[in-house]
Amino acid sequence: MKSCELLVSTESDYYVYTPSKAAQEMFFYPLQCGHFIYEAGYALRRESYDSFLLLYIKEGEIFLEFQGQTTAISAGHFLLLDCYQHHAYACPVRCDCLWCHFDGVLARHWYNSVISHLGNFFPMPDTCSALEHLNTIYNTFVSGCPIREPLMSKYLTDILTSFLLYSPCNTKDFQESKMAEKIITYINEHFRQPLSVKELADIAGFSQYHFIRTFKKETGFTPHEYIIHTRISNAKYLLKNTGMTVKDVCFQTGFSSESVFCSSFRHCLGMTPAQYRMLDT
């Protein structure tokens, strides 16, 4: 459909979609998408609009007002916005944008993760993948092709995933993320062996205090908690898929004694290893 908004070029178009109930319960889904050319002087202000906005600036500049700050965002940037909150944006010059309003059962979790990582707007050195998927969503509506909701969800997931995987290599966040990945890999390879926080901090090259704080920020677990959960996860597999005794499972997964194993298992799952083994049997 052609836009009727003031100072939106007649070359612009947009499409509105109503997702199925199944899509609303399972997927990401587009609600509106479009390609707008905003004329100089365009402005929009909303108290709330029930969706998240994904927008790519192809040419021009947008002034965004959000959470008490006003920022100029230039061409080549993606914008990810929680439109449930008060927001406003304006175009001081002619601006060409590709956009999609979307939502989904996990949309807020993904949104929070991306903006904690990159902020609400960011350039990407290789925009091909994210921009290609955004173009594909838009072109599906333009062409009149059937809307395959699982595929639309995949495109939106792929876009958000590419944002999460991107980090400028010289940033503190990038270094901390790489550190957590390195330590997680090390734990998964050595959980059967005695592991101390000091040893892991030395491998990370951090002080123990900074290592514990940073690792928890990145994973949601302290290093000790992550080691225990890794050992318990492996113990659960052995209990369900082998005939090993509880004592053998204990030492196979790196616990120092059967009593420590049983105590940790009960703390994590609310039952003993033997009770867990008997479930559904």
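Structure first, text after, so check above.
Residues numbered from 1 in each chain as written. Predicted model: local features only at pLDDT ≥ 70, side-chain atom pairs only at ≥ 80, totals over all residues. Heavy atoms only, no water.

> I would appreciate a short explanation of the side chain of histidine 87 in the present structure.
Locating histidine 87 in the fold gives a position in strand 8 (residues 87-90). With a relative accessible area of 0%, histidine 87 lands in the buried category. In this structure, histidine 87 is in contact with Leu44, Arg45, Arg46, Tyr49, Glu65, Phe66 and Leu81, ignoring residues within four places of it in sequence. (Helix = DSSP H or I, 4+ residues; strand = E, 2+ residues; numbered from the N terminus. Buried < 20%, exposed > 50% of the residue type's maximum accessible area, 1.4 Å probe, protein only. Contact = heavy atoms within 4.5 Å.)

> Is there a simple way to explain the pattern of salt bridges in this structure?
Side-chain pairing between opposite charges can occur once the charged atoms of the two side chains come close. Following the criterion strictly, the structure yields eight salt bridges and no others. In this structure, the salt-bridge partner of aspartate 82 is arginine 108, at a minimum N-O distance of 2.9 Å. Of this pair, aspartate 82 sits in strand 7 (residues 77-82) while arginine 108 is found in helix 2 (residues 107-118), placing the two residues 26 residues apart along the sequence. Looking at aspartate 82, the relative accessible area reads 2%, which means it is buried. Given a relative accessible area of 35%, arginine 108 falls into the partly exposed group. Put simply, aspartate 202 and lysine 198 hold a salt bridge, and the shortest N to O gap is 3.1 Å. Of this pair, aspartate 202 and lysine 198 both sit in helix 6 (residues 197-204), four residues apart, roughly one helical turn. Taking relative accessible area as the criterion, lysine 198 reaches 47% and is therefore assigned partly exposed. Members of the salt-bridge network, linked through shared partners, are Glu11, Glu39 and Arg94. (Salt bridge = Lys/Arg side-chain N within 4 Å of Asp/Glu carboxyl O.)

> Please explain the sheet that holds strand 3 (residues 43-46) as it appears in this structure.
Sheet strands pair by backbone hydrogen bonding; their relative direction is either parallel or antiparallel. Across the sheet, which stays open at both edges, the four strands sit in the order 3-8-5-6 with antiparallel pairing between neighbours. The sheet is open, and its two edges are formed by strand 3 and strand 6 (69-74), each paired on a single side. Averaged over all neighbouring strand pairs, the angle between strand axes comes to 15 degrees, with direction disregarded. Across six bridges, strand 5 (residues 61-66) lies against strand 6 in antiparallel orientation. The residue bridging phenylalanine 66 from the neighbouring strand is glutamine 69, located in strand 6. (Pairing = 2+ DSSP bridges. Axes fitted to C-alpha atoms, helices over the stretch in contact; angles between N-to-C directions.)

> What's the story with the sheet that holds strand 10 (residues 121-123) in this structure? I'm lost.
Read across the sheet, six strands follow the order 1-2-9-4-7-10 without closing on themselves; strand pairing throughout is antiparallel. Bordering the open sheet on either side are strand 1 (13-16) and strand 10, each of which pairs with just one other strand. Direction aside, the axes of adjacent strands within the sheet are offset by 15 degrees on average. In this sheet, strand 7 lies alongside strand 4 (residues 52-59) in antiparallel orientation, the contact comprising five bridges. Each bridged residue has a counterpart across the sheet, and for leucine 55 the counterpart in strand 7 is leucine 79. Strand contacts of helix 2: strand 2 (28-38), strand 4, strand 7, strand 9 (95-104) and strand 10, with the helix running at about 130 degrees to strand 7, the strand carrying the most contacts. Sitting on the sheet, helix 4 (residues 149-165) touches strand 2, strand 4, strand 7, strand 9 and strand 10, and the angle it makes with strand 2 is about 70 degrees.

> Any chance you could explain the pairing of strand 1 here in plain terms?
Looking along a regular strand, one sees the side chains alternate between the two faces of the sheet. Residues Asp13 and Tyr15 point to one face of strand 1 and are all buried, whereas Tyr14 and Val16, pointing to the other face, are not buried. Relative to strand 2, strand 1 runs antiparallel, the two sharing four bridges. Bridge pairing in strand 2 links aspartate 13 to histidine 35.

> Just to check I follow, could you spell out the nonpolar core for this structure?
Buried together is how nonpolar side chains tend to be arranged in soluble globular proteins. Grouped together as the largest cluster of nonpolar side chains are 51 residues, with contacts concentrated most on Tyr38, Phe78, Phe102, Ile137 and Phe163. Counting only elements with at least two residues in this core, the list comes to strand 2, strand 4, strand 5, strand 7, strand 9, helix 2, helix 3 (128-143) and helix 4. Val246, Cys250, Met271 and Tyr276 belong to the second-largest nonpolar core, a separate cluster that totals 13 residues. (Core = buried A, V, L, I, M, F, W, Y, C linked by side-chain atoms within 4.5 Å.)

On their own, these measurements won't tell you what the molecule is for.
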